[in-house]
Amino acid sequence: MKLLLSLLVVSTLPQLAELQVFPTSAPQTAVAELVKGVPWIFSGESVRLKCSVPGNVSAEWRYRWFKGGEELQESEYFVLWKARPQQSGKYYCQGLRTTWISTQHTLHSLPIEIEVDSGWAILQAPPLPMLVGETMTLTCRVRDNPSLTEVILYKDGVELQRQPGPELSVTNLTLQNHGSYWCRASWNIFQYNCSVFSPAEVLTEPMLEIVPNDPLIHEDRMLLVCKVQLNAREPVPHIHYYFYQDGLSLGPASSQDRVAVLRDSGRYWCKASVPTLGLKRLSEPVAYGQVTGEHSEHMTNQKRIVVRQSPFRMRHNADQWRQFS
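Residues numbered from 1 in each chain as written. Predicted model: local features only at pLDDT ≥ 70, side-chain atom pairs only at ≥ 80, totals over all residues. Heavy atoms only, no water.

J.: Outline the overall build of the chain, listing residues and values.
T.: Per the secondary structure count, the chain includes one helix and 28 strands. When each of the 325 residues of the chain is scored for burial, the buried share is 39%. Considering only contacts in the chain between residues 6 or more positions apart, those separated by 24 or more positions represent 58%. (Helix = DSSP H or I, 4+ residues; strand = E, 2+ residues; numbered from the N terminus. Buried < 20%, exposed > 50% of the residue type's maximum accessible area, 1.4 Å probe, protein only. Contact = heavy atoms within 4.5 Å.)

Okay, structure coming up:
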């Protein structure tokens, strides 16, 4: 436990003092909460976050907001206004106040993950993992909220149910309900019928592996391997692979999941694309050798936040950018 040392004068006589030791309280933790909007939004929509320190309503706290390791601003509220896909990420805050002794800092809050989707449909799931026996209510959201005529819910590529509205329910959950869910929404514009799919976990997020000393390639080269899984029925569509270094393409698309490149420092990642299904996914960056801050910032601007999933809670994104095409 941290200790605060304080001198307490016990007599008016000079040079008479008693040293007392007072224990300090444990560091407090800030709380970040979403007060307007939802964690998964379309690009162009907005969300509002609030930071607070529990039990200190009257205290004069100031608040700092962060995304990753970057400090964003100092304010009680943080607003993502007309959000862009690049602003997807984990946001957290910290409280601080200045006293006559020092400046006190709280511990960082738990992060709130915001996903900004550039597509046309989102299948929204409950905010927490579901339990066996509960009812899971899913909402098939479509950009600009058209009046839907039909919504179809799919699980692992198989039609599960149809509804005239956006809400779909799966009752009495069991372990067999674990899987990948997505929806198809339809509506009419004048005399035309429009349909869109929410992104599905048909294509898993790629993982790039760097093999610096492969005995089958030249000693001044290293091997990049893009590992991905395509969950599709026969005939399985072809996957196209792309490889990148620090924002630059290392060559045209290939049907091979690996490529030999010159051994060089930088951040590498790969993209898997299934043109027949309209799916694209980017891997997380992998650093090799000494990497400068410019590389890191560039990757932050290019990388799309993708799938997060837990039992009975499927949130699927597809990379619909025109970059790296």
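This is not the end of the story, as more comes after the structure.
J.: An account of the sheet that holds strand β16 (residues 167–170) is requested, with residue identities and associated values reported.
T.: Spatially, β12-β13-β16 is the arrangement adopted by the three strands of the open sheet, whose pairing is antiparallel. The sheet terminates laterally at β12 (121–124) and β16, the two strands that pair on one side only. Going across the sheet, the axis of each strand differs from the next one's by a mean of 20°, ignoring polarity. Note: strand β13 (residues 136–142) against β16, four bridges, orientation antiparallel. Within the sheet, the bridge partner assigned to T137 lies in β16 and is S169. (Pairing = 2+ DSSP bridges. Axes fitted to C-alpha atoms, helices over the stretch in contact; angles between N-to-C directions.)

J.: A description of the nonpolar core should follow, citing residues and the corresponding values.
T.: Within the largest apolar cluster, 18 residues are counted, with the highest numbers of intra-cluster contacts made by W65, L80 and I114. In this view, I114 contacts L34, P39, V47, L80, S88, G89 and Y91; residues no more than four positions away in its chain are not counted. (Core = buried A, V, L, I, M, F, W, Y, C linked by side-chain atoms within 4.5 Å.)

J.: Describe the packing of aromatic side chains, with residues and values.
T.: All chains considered together, the criterion is met by five aromatic pairs. Between the aromatic rings of F78 and Y91, the centroid separation amounts to 5.5 Å while the plane-to-plane angle is 35°, which identifies the pairing as tilted. Taken together, the residues span a long stretch of sequence, with F78 in strand β8 (residues 77–80) and Y91 in strand β9 (residues 89–98) at a distance of 13 residues. Neither F78 nor Y91 differs from the other in exposure class; each is buried. (Phe/Tyr/Trp six-rings, centres within 6.5 Å; stacked < 30°, edge-to-face > 60°.)

J.: Could you give an account of the sheet that holds strand β23 (residues 258–262), with specific residues and numbers?
T.: Spatially, β19-β20-β23 is the arrangement adopted by the three strands of the open sheet, whose pairing is antiparallel. A single partner strand is all that each edge strand has here, and the edge strands are β19 (207–211) and β23. Averaged over all pairs of adjacent strands, the angle between their axes in this sheet comes to 25°, without regard to strand direction. The pairing of strand β20 (residues 221–227) with β23 spans five bridges and is antiparallel.

J.: Which residues make up unusual backbone geometry, and what values go with them?
T.: Here the phi dihedral of N145 falls at roughly 50°; this positive angle occurs in a residue that is not glycine. Summarising the element assignment, N145 is placed in the loop between β13 and β14 (148–155). Of the residues examined, N145 reaches a relative accessible area of 59% and is grouped as exposed. If you check the backbone angles, D246 has positive phi at about 50° while not being a glycine.

J.: Hey, could you go over the environment of K82 for me, with residue numbers and the actual values?
T.: With respect to the helices and strands, the residue K82 is situated in the loop between β8 and β9. In sequence terms K82 and S46 are 36 residues apart; their C-alpha atoms lie 5.2 Å from each other. Not counting residues up to four positions away in its chain, the partners in contact with K82 are G44, E45, S46 and Q87.

J.: Tell me about a nonpolar patch on the surface, and please be specific about residues and values.
T.: Among the surface-exposed residues, I189, F190 and Y192 lie close enough to one another that they form a single nonpolar patch of about 430 Å² accessible area. Structurally, I189 is set in strand β17 (residues 181–189). According to the relative accessible area criterion, I189 is partly exposed, its value standing at 38%. (Patch = residues over 30% accessible without salt bridge, like charges linked within 9 Å, V, L, I, M, F, W, Y side chains within 5 Å. Areas by Shrake-Rupley, 256 points an atom, 1.4 Å probe, with all protein chains shown as cover. Salt bridge = Lys/Arg side-chain N within 4 Å of Asp/Glu carboxyl O.)

J.: How would you summarise the pattern of salt bridges if you had to cite specific residues and measurements?
T.: Under the criterion given, the structure shown has nine salt bridges. E150 is the salt-bridge partner of R162, the closest N and O atoms lying 2.9 Å from each other. Taken together, the residues R162 in strand β15 (residues 158–163) and E150 in strand β14 connect sequence positions twelve residues apart. Here K227 ties to E209 by a salt bridge, and the two come within 2.5 Å at their closest N and O atoms. Separated by 18 residues along the polypeptide, K227 in strand β20 and E209 in strand β19 bring together distant segments of the chain. Residue E209 is classed as partly exposed on the basis of its relative accessible area of 31%. When salt bridges with common partners are traced through the structure, they connect R62, R64, E71 and E74 into a single cluster.

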